[in-house]
Each structure stands twice: as structure tokens, then as C-alpha cells.
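# Analysis of the macromolecular model
Chain by chain, the residues run as shown.
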Amino acid sequence: IALGAHYDHLGRGEAGNSLAGKEEADNVHHGADDNASGTAAVLAIGEALAGQSRRRHVLLGFWSGEEFGLLGSAAFTGAPPIALDQMAAYLNFDMVGRMQDNKLIVQATGTSAAWPGVLERANVAAGFDLALQNDPYQPTDVASFNQALVPSLNFFTGAHADYHRPSDTADKINYEDLERVADFAT
């Protein structure tokens, strides 16, 4: 099982993918939700799994270049250190720190017939308002694994006004719900 998140952000937004207004031009885009939150979730899940007995090996992947075209995850799936047909699943975490109305969006559920049942069973304890989306073609690292035919999921808590702007700061992260997302995925 592989778990992953991209750790890159937009720097000062000079590559053209910033949504900053003129008054924010050239300011640091902190990337607290996009995607320090996903990176933190993967680390928390890895820590939790390290203390459990498991049937499967777990690989933690941290990707660079997601903001510039999925570069890190595409490099991994293009020349994988382990055979991709030996990978049972890939779980991606991108923007999981700004929960709204208890809604957890889980994308790419169409990559395996098992996903809806697994997610619903896990949600009994978590109690999220789950929004399952079949579409595996998401604009994040889950797409690299989907194209490599690895059953995949992408966890996401939704878009917000601070997306790709300098105002995506740590004070806006909902840490309790971020922990709930990590516990749910674990």
C-alpha cells in the first residue's frame, strides 16, 4: 500500500499558477492546506501504522512538482522502485486541512469496486458526511497512479478562497478534523 502527498507549493507564485490579487503579488504562498495538510496526514498515518501489525507493507511517498504537472509522482510511476502490479492501492492526500460542514470528499473511488464498501465501513466510526466521487482523473498525484492502473483514492476536504494564494496559512487549518481524516484513512 502506498500513501502519498505533494510537499511542494507555489513559492512566491511567479510560475503563473497563483491566484493572488495585485496586492498579494510576489508574497510567499505558504501552502498550509495545499499541501502541508496532506503531508502532515501521511506522516500521521505512517506513525500510526508503524505501531500496528499489518498484512501489507506500507510505502510513504512525498512528491515534488505536483504544482507543475505531477512531476514527482509521474517519475515514480514511470520508473517505480517496486513493481506497480505488486502495489495493492495508493492513497493520496491533497488539501485535507480545511474541513467544511463535516464533509470529506473521496475521489477516484471508481478505480476499485471494493472502495465504496471499505469507505462506508471505515466511516461508521468516523462519522463524516462522505462524498464519494468515481472519477479517477483528478488534477493531483492520484492521476499518476490511476494511469498506472493502481487502485487509488484521493482524500480532499474541499476548495476555499485561499487556494493558491498567500493567505493559505497555518492559522486556518482545522487540526482536529485533519487528525480525523488521518485516523479515518489509517
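Residues numbered from 1 in each chain as written. Predicted model: local features only at pLDDT ≥ 70, side-chain atom pairs only at ≥ 80, totals over all residues. Heavy atoms only, no water.

## What to know about the nonpolar core
Inside soluble globular proteins, nonpolar side chains tend to come together where they are buried. Rules: Here the nonpolar core consists of buried residues drawn from Ala, Val, Leu, Ile, Met, Phe, Trp, Tyr and Cys, with membership extended through side-chain atoms lying within 4.5 Å. The buried label applies to any residue whose accessible area, calculated with a 1.4 Å probe on protein chains only, is under 20% of its type's maximum; exposed applies above 50%, and partly exposed to all values in between. Think of it this way: any DSSP run of H or I at least four residues long counts as a helix, any run of E at least two long counts as a strand, and we number them from the N terminus. We call two residues in contact whenever any of their non-hydrogen atoms come within 4.5 Å of each other.
F93, L104, L119 and F155 are the most contacted members of the largest nonpolar core, which totals 26 residues. Breaking this core down by element, the ones donating at least two residues are β1 (2-6), α1 (32-50), β3 (90-93), β4 (103-107), α3 (115-126), β6 (152-156) and α5 (175-185). Each residue touching L104, except ones within four places of it in the same chain, is listed here: M99, F128, D129, L130, A131, F155, F156, T157, V181 and F184. In terms of nonpolar packing, the next biggest core, distinct from the first, is built from ten residues, A2, F76, A108 and F145 among them.

## Examining the pattern of salt bridges
Stated precisely, the cut-off is as follows: By convention in these notes, a salt bridge is any Lys or Arg side-chain nitrogen within 4 Å of a carboxyl oxygen on Asp or Glu.
Considering all chains together, one arrives at four salt bridges under this definition. With a closest N to O distance of 2.9 Å, R165 and E24 form a salt bridge. Of the two residues, R165 is situated in the loop between β6 and α5 and E24 in the loop between β1 and α1; the sequence distance between them amounts to 141 residues. The exposure class of E24 is buried, given its relative accessible area of 11%. Residues D177 and R180 are paired through a salt bridge, measuring 2.9 Å at the closest nitrogen-oxygen approach. Here D177 and its partner R180 are both found in helix α5, three residues apart, which amounts to about one turn of the helix. Taking the relative accessible area as the measure of exposure, D177 reaches 15% and is therefore buried. Owing to a relative accessible area of 26%, R180 belongs among the partly exposed residues under this scheme. Through salt bridges with shared partners, a single network forms among R98, D162 and K172.

Shape is all these values report; function is a separate question.
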